[in-house]
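Examining the three-dimensional arrangement
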Amino acid sequence: KALSDVNLDVREAEIHAIVGENGAGKSTLINVISGTFPQDGGTYTFCGRELTNLDPYKARKIGISPVFQEFSLAPDLTIEENLFLGREVASGGVLNKKQMRAKVAEVLDALGFDLDAKALVGSLPRAQQQMTEIAKALLHDVRVLILDEPTASLSERETERLFEIITALKSKGVGIIYVSHRMAEIKRLADRVTVLRDGRLVGTVDAEMVSEEKLVE
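Residues numbered from 1 in each chain as written. Predicted model: local features only at pLDDT ≥ 70, side-chain atom pairs only at ≥ 80, totals over all residues. Heavy atoms only, no water.

1. Focus: helix α6 (residues 156-171)
Stated precisely, the cut-off is as follows: Secondary structure elements follow DSSP: runs of H or I no shorter than four residues count as helices, runs of E no shorter than two count as strands, and numbering proceeds from the N terminus. Any helix carries an expected span of 1.5 Å times its number of residues minus one. Accessible area is worked out with a 1.4 Å probe on protein chains only. A residue is then buried under 20% of its type maximum, exposed over 50%, and partly exposed in between. Throughout, the arc means that of the directions going from the helix axis to the C-beta atoms. Any two residues having at least one pair of non-hydrogen atoms within 4.5 Å are treated as being in contact.
When the terminal C-alpha atoms of α6 are compared, their 23 Å separation across 16 residues agrees well with the 22 Å that a helix rising 1.5 Å per residue should span. Buried residues of α6: Glu158, Thr159, Leu162, Phe163, Ile165, Ile166 and Leu169, and no others. Buried residues of α6, seen end-on, are gathered within an arc of 160 degrees and therefore sit on one face of the element. Seen from the buried face of α6, the exposed residues on the opposite side, beyond 90 degrees, are Glu156, Arg157 and Ser171. Where α6 is buried, its residues contact β1 (15-19), α4 (97-111), α5 (126-137), β7 (144-148), β8 (175-179) and α7 (183-189). Gly173 sits one or two residues past α6 and shows a positive phi near 95 degrees.

In structure tokens:
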């Protein structure tokens with residue numbers, strides 16, 4: 001089994017890290033949370049309401065926004081087109097490109113990402129594709145943001161900017177699930193840490209109360 005009897009709770013205004021070796025079940029867990037994989041047992045409660053038959057579209061509608069390691073970008077479309085792919089603004093079957101362009105410019109400016117909205121995604125280096133994925137996740141209101149190894153492709157400066165964004169989102173009440181194997185990032189950002197091993201829950205601890213050595217153990 002990829003997951004067996006794993007319990008996870010995420011609070012508002014919390015950065016909740018998930019750690020574990022390859023094959024621990026981290027990716028499966030966040031795929032269930034974001035509606036990509038159906039749960040085959042247990043309950044899923046969001047803001048006091050039990051959810052059933054969740055899919056990625058429904059998850060995004062209620063504010064659950066994932067950024068996976070494997071990008072979900074169309075390389076032959078621009079950044080602007082990718083951000084609104086499946087969420088286009090239209091009236092009478094005609095795209096409102098002016099409104100979408102303005103929204104994209106607003107989001108990129110707020111994030112401080114150096115991206116050309118008209119650039120084809122396939123022409124971008126991986127770091128800029130990562131930024132595009134993050135911008136896509138934050139295009140609309142977010143209640144839960146899921147980040148899966150988000151700094152893997154980023155420079156130190158870009159990573160610092162991402163941390164600023166995460167901290168700002170936390171201050172606005174967003175719950176953040178942060179999947180990473182980088183202990184320094186976990187100790188810097190996380191409020192709580194959940195450890196998985198072989199598809200099972202080892203435990204959830206307050207980040208302040210546990211050392212890096214203990215987490216690895």
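Moving on from the coordinates now.
2. A look at the layout of surface pockets
Rolled over the atoms, a probe with the dimensions of a water molecule shows which regions are left empty. We count it as follows: Of the two site types, the cavity is a set of points on a 1 Å grid over the protein atoms alone where a 1.4 Å probe fits but cannot get out, and the pocket is an open set with protein on both sides within 12 Å along at least five of seven lines, each lined by residues with an atom within 4 Å of a point. Grid points are joined across faces, edges and corners, and a volume is the space filled by probe spheres set on the points. Throughout, the ten residues Ala, Val, Leu, Ile, Met, Phe, Trp, Tyr, Cys and Pro are labelled nonpolar, Asp, Glu, Lys and Arg are labelled charged, and all others, Gly among them, are labelled polar.
Each pocket or cavity is described by its volume, and for the largest pocket that value is around 1000 Å³. Looking at the largest pocket, it is lined by 34 residues, and the ones nearest its centre are Val6, Leu29, Val32, Thr43 and Tyr44. Those elements that place two or more of their residues in the lining of the largest pocket are α1 (26-33), β2 (45-46) and β8. Counting residues per element, the lining of the largest pocket draws most heavily on α1, at 4 residues. Of the residues in the lining of the largest pocket, the class split is 17 nonpolar, 10 polar and 7 charged. Lining the second largest pocket are 18 residues, and of these Leu111, Leu138, His140, Leu169 and Lys172 lie nearest its centre. Classifying every residue of the lining of the second largest pocket gives 10 nonpolar, 1 polar and 7 charged.

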